[in-house]
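What follows is each chain in one-letter form.
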Amino acid sequence: MSGPDSQTEAAHGGSATETVIVLERLTKRYGEVTALDGVSLSVRRGEFFGILGPNGAGKTTLVEIVEGMRQADSGTVTLLGRSPWPRDTALLARIGVQTQASAFFARLTAGEHLRTVAALYRTDPATVGTALKRVGLTEKENARIDHLSGGQRQRLAVATALLHEPELIFLDEPTAALDPEARRELWGLLRSLRSEGRTIVCTTHHLDEAEALCDRVAIIADGRLAALDTPRNLIRSLAAPARLLVPAARLTPEAALALDGVDRATVEGDDLVIETSAANRVLTHLGDLMDIEDVTVRTATLEDAYLALTGNRTEHHR
Ligand SMILES: Nc1ncnc2c1ncn2[C@@H]1O[C@H](COP(=O)(O)OP(=O)(O)OP(=O)(O)O)[C@@H](O)[C@H]1O
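Residues numbered from 1 in each chain as written. Predicted model: local features only at pLDDT ≥ 70, side-chain atom pairs only at ≥ 80, totals over all residues.

Under the annotation held in an unreviewed UniProt entry, the chain carries the name ABC transporter ATP-binding protein and is attributed to Streptomyces gibsoniae. Here is the UniProt Sequence similarities (unreviewed entry) comment for the chain, exactly as written: "Belongs to the ABC transporter superfamily." Looking at the Subcellular location (unreviewed entry) heading of the UniProt record, one finds this comment for the chain: "Cell membrane". (UniProt positions renumbered as here; feature names shortened; annotations may be inferred.)

What follows is the structure in structure tokens.
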């Protein structure tokens, strides 16, 4: 099941619109806590699918049910055309689950760790070299895991999920605790997996990550599906006004409100914040009054959409 040919077949098998995960009215309770409350959604083959939500929203429960690690109370789950529960070993060979770096055997080397996982999957040990190369860790094969940097460990975690060339990969907060540079490096790797046609399901708390990587994003709040769309549509559906920031010393709120297209104008610190649904028009007016280089344009982000959908006030902390 290893080798580049089977990899390509596995990654590209099936039609472009095939669904690989279908959830219908999924419900899960832990005693009094309703972790999932009737979630229905589907994931298409080849998608980079994000699952976002506040702490305790039900993301882990949802993913574990899809992976076949937990049983739902009610509703149905179809994973690659089969039911993941009761445990289906044929499915395990087709999915890759990112191991949390904290679950590694820290005293092993990167190569030893991967060979252990390869043995568990009964995969050819030769796949270890390929996986290390894919994540850019060839040089670290003989380095102990506790001597790797955070970014290298996360890349090793992704390599763990790739060893047996699965067609569907589950990632759990893959860039948690990474510095910005290491995060961006890992994004590059994740994009390359996506471009091979693999389906990726990724939970994350990072909205910029979801915006940068995901084809579609499911926002889960209180065990329910609060929204499911492309990041761009989620942002657009908010119809949030653009915010234009100009130095408060250059323009008063009254003068700003007199401009055609300005909805609101408030002073925040050294800035005058202008809200408008007609940014281009207002920018033209501002260009007549000041050097346009002094104007900062802030359009809505997935963060705004997320905060609005998860019941938090939409704020711009920037
Ligand atoms: N094994 C369990 N027993 C009891 N309650 C649980 C169990 N697992 C999760 N819960 C509860 O179910 C709810 C959903 O938890 P879950 O871990 O699925 O959320 P999450 O969105 O993954 O959160 P986080 O972002 O913090 O990882 C929470 O209220 C949690 O406390």
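*Asks:* For this particular structure, what's the right way to read the sheet that holds strand β10 (residues 242-247)?
*Replies:* Whether parallel or antiparallel, the strands of a sheet pair through hydrogen bonds between backbone atoms. If you walk across this open sheet you meet the 4 strands as β11-β12-β10-β13, and the pairing is antiparallel. Edge strands, defined here as strands with exactly one partner in the open sheet, are β11 (262-268) and β13 (296-298). The average undirected angle you get between the axes of adjacent strands in this sheet is 25°. In terms of strand pairing, β10 meets β13 through 3 bridges, oriented antiparallel. Residue pairing for β13: Arg243 is matched across the bridge by Arg298. (Pairing = 2+ DSSP bridges. Helix = DSSP H or I, 4+ residues; strand = E, 2+ residues; numbered from the N terminus. Axes fitted to C-alpha atoms, helices over the stretch in contact; angles between N-to-C directions.)

*Asks:* Where do I start with the site of the ligand in this structure?
*Replies:* Around the ligand sit Tyr30, Val33, Ala35, Gly53, Asn55, Gly56, Ala57, Gly58, Lys59, Thr60 and Thr61, and that is every residue in its neighbourhood. Put simply, the parts of the chain that give the shell around the ligand at least two residues each are β2 (33-44) and α2 (59-67). Sort the elements by how many residues they give to the shell around the ligand and α2 lands first, with 3 residues. Classifying every residue of the shell around the ligand gives 4 nonpolar, 6 polar and 1 charged. (Near = placed C-beta within 6 Å. Nonpolar A, V, L, I, M, F, W, Y, C, P; charged D, E, K, R; others polar.)

*Asks:* Could you clarify how one ought to interpret helix α4 (residues 110-120) in this entry?
*Replies:* Residues three or four positions apart in an α-helix share a direction because the helix packs 3.6 residues into each turn. Ala110, His113, Leu114, Val117 and Ala118 are the residues of α4 that are buried. One face of α4 carries all of its buried residues, which in axial projection span an arc of 135°. With its phi angle positive at about 55°, Arg122 sits one or two positions after the end of α4. (Buried ≥ 20, exposed ≤ 12 C-beta atoms within 10 Å, placed from the backbone. Arc of directions from axis to C-beta.)

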